[in-house]
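# Remarks on the overall topology
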Amino acid sequence: MENTDWKNLGFGYSDTNYNVRCYFRNGEWGELEVSSSNQITMHMAATCLHYGQEAFEGLKAYRGKDGKIRVFRIDENAKRMQASAKGILMAELPVDKFKEAVFKAIKLNSEFVPPYGSGASLYIRPVLIGTGPQVGVKPANKYLFVVFVMPVGPYFKEGFKPTDYVIYREYDRAAPLGTGTIKVGGNYAASLRAGMRAHAEGYSAVLYLDAKEKKYIDECGPANFFGIKGNSYVTPKSESILPSITNKSLRQLALDMGLNVEERKVPVEELAEFTEAGACGTAAVISPVRSVYDADKDIRYTYGDEPGAITQKLYDKLINIQYGCEPDEHNWVSIVE
Ligand code: PLP
Ligand code: COI
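Residues numbered from 1 in each chain as written. Chains lettered and ligands numbered in written order. Predicted model: local features only at pLDDT ≥ 70, side-chain atom pairs only at ≥ 80, totals over all residues. Heavy atoms only, no water.

## Considerations on the site of ligand 1
Going by this rule: For each residue, the test is whether any non-hydrogen atom lies within 4 Å of the molecule or strand; if one does, the residue is near. Within 3.5 Å is the distance limit for a polar contact, defined as a pair of N or O atoms, with the added protein rule that one can donate a hydrogen and the other accept it, and that residues adjacent in sequence qualify only through two side-chain atoms. Reported accessibility uses the Shrake-Rupley method at a 1.4 Å probe radius. Residues are deemed covered only where the shown protein chains occlude them. By definition, any uninterrupted DSSP run of H or I lasting at least four residues is a helix, any uninterrupted run of E lasting at least two residues is a strand, and each is numbered from the N terminus. Asp, Glu, Lys and Arg are counted as charged, while Ala, Val, Leu, Ile, Met, Phe, Trp, Tyr, Cys and Pro are counted as nonpolar; the rest, among them Gly, fall into the polar class.
The environment of ligand 1 is formed by 16 residues, the closest being Tyr188, Glu219, Ser244, Thr246 and Thr282. Contacts to ligand 1 include Arg80, whose side-chain N or O atom sits 2.7 Å from an oxygen atom. Contact distances for ligand 1 include 2.5 Å between an oxygen atom and a side-chain N or O atom of Tyr188. For ligand 1, the protein covers 96% of the area, taking 380 Å² as the surface of the free molecule. Secondary-structure elements contributing two or more residues to the shell around ligand 1 are helix 5 (245–256) and strand 15 (276–281). Residue classes in the shell around ligand 1 are distributed as six nonpolar, six polar and four charged.

## A short note on the environment of Ser84
Rule in force here: Here, two residues are considered to be in contact whenever any of their heavy atoms come within 4.5 Å of each other.
Looking at where Ser84 falls in the secondary structure, it is placed in helix 2 (residues 74–87). When the C-alpha atoms of Ser84 and Tyr293 are compared, they prove to be 32 Å apart, with 209 residues separating the residues in sequence. Once you skip the residues sitting within four places of it in the chain, Ser84 turns out to touch Ala55, Ile182, Lys183 and Val184.

## Points about the site of ligand 2
As a reminder, the rule being used: Residue ranges for the domains originate in an automatic or database domain assignment.
If you check the shell around ligand 2, you find Phe11, Phe56, Gly58, Tyr123, Arg125, Tyr155, Lys183, Tyr188, Pro222, Thr282 and Ala283 and nothing else. Within the side chain of Tyr123, one N or O atom sits 2.7 Å away from an oxygen atom of ligand 2. Note that an oxygen atom of ligand 2 is positioned 2.8 Å from one of the backbone N or O atoms of Ala283. Partitioned by chemical class, the residues of the shell around ligand 2 number seven nonpolar, two polar and two charged. Domain assignment of the residues forming the shell around ligand 2 places at least three in each of domain 1 (6–152) and domain 2 (163–322).

## Structural notes on a negative patch on the surface
This is how the line gets drawn: The patch calculation keeps residues exceeding 30% relative accessible area without a salt bridge and links them within 9 Å when they carry like charges or within 5 Å when they are nonpolar (Val, Leu, Ile, Met, Phe, Trp, Tyr). Just to be clear on terms, a salt bridge is a Lys or Arg side-chain nitrogen sitting within 4 Å of an Asp or Glu carboxyl oxygen. A residue counts as positive if it is Lys or Arg and as negative if it is Asp or Glu; His and the chain ends are not included. Just so you know, the charge point we use is NZ for Lys, CZ for Arg, CG for Asp and CD for Glu.
A surface patch of negative charge is lined by Glu31, Glu33, Asp96 and Glu100. Residue position: Glu100 is located in helix 3 (residues 95–108).

## A few points about the domain arrangement of the chain
Filter applied, for reference: Summed over both partners, the accessible area lost on bringing two parts together, with a 1.4 Å probe, is the buried area.
Domain assignment breaks the chain into domain 1 (6–152) and domain 2 (163–322). For domain 1 versus domain 2, the distance between C-alpha centres works out to 25 Å. Each partner contributes to the interface: domain 1 provides 20 residues, whereas domain 2 provides 18 residues. Considering only the side of domain 1, the residues that lose the most area to domain 2 are Phe56, Phe72 and Arg80, jointly responsible for 37% of the buried surface there. Between domain 1 and domain 2 we count one salt bridge in total. With a shortest N-O distance of 3.1 Å, Lys248 and Glu76 are connected by a salt bridge. Along the contact surface separating domain 1 from domain 2 lie nine residue pairs in polar contact (both at pLDDT 80 or more). If you list the elements that add at least two residues to the side of domain 1 that touches domain 2, you get strand 4 (54–56), strand 5 (59–63), strand 6 (69–72) and helix 2. In terms of residues, the side of domain 1 that touches domain 2 owes the most to one element, helix 2, which gives six residues. Classifying every residue of the side of domain 1 that touches domain 2 gives nine nonpolar, four polar and seven charged.

Pasting the structure below:
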């Protein structure tokens, strides 16, 4: 990949050499298969097309200074995909098979893992779909699991620069007892209208409130939310947000740094009390929040044009572990052999 401008890569799809697939038929998962095609064919009555039997994951591989390729907390992604499968009655992929497929996809495409220091990484997208036909609303009896990869830069084009977020009360992403806690395509379809409006109005993403009462903060489009208040890292507890692996890691790192961690309901008015705020996720890493505009109440909460000191410290610690520059004290990193 000699001619790639790694430093200016955005977050988007590009073809690589191979993807890895596995089929569930007759009640069992088959062997992993390698494909060089970016196409899949399926029955026109496949349940993923009609009834949303689809779940995906997102994780990254990082090339360290030592040249080794590392992946971050892959077991957590494997387990979350099982939870997603359970939530919409799809066949669950064993954790070991998930890991084997991801490692295989990385190794087969290792020339696409960006060099250390470029700020880019290899984004890994595992996807699980119901491929068996149904016209009645029922789960499929056949499933396809595919892992494909691509080099990416920052999700928000500003990278680690604070950007603006917006609250609109007229859209919900997920219902309290619905599918908000699992990573299924329907949640993202439900978020498109609000997300595109936010972009058109100059915001990075929507900051969703809880769907039931519109009193508490849920999450930030494709990322969780945190605020810093005094010596505390505060992050929403909600029955409609995705349990972010990045957020879980930041909570641990915050504790390691001597901060208090508060995972609880966060009233929207508390936005006025934070000195720093951030969106966190695999694609977003930490995207510092410059402001949140409450569009219904015409209130703007601001956090400054530069990342706050605690946000910066958490970010440095997280990426240093991911790139293998600091000891991996919590055993989060696997090296791709
Ligand atoms: N929330 C949503 C809705 C997401 O799509 C993501 C991305 O996966 C996250 C939060 C962050 O989760 P993670 O840190 O596991 O990538
Ligand atoms: C991720 O952070 O991996 C995501 O899946 C977010 C988004 C690209 C949907």
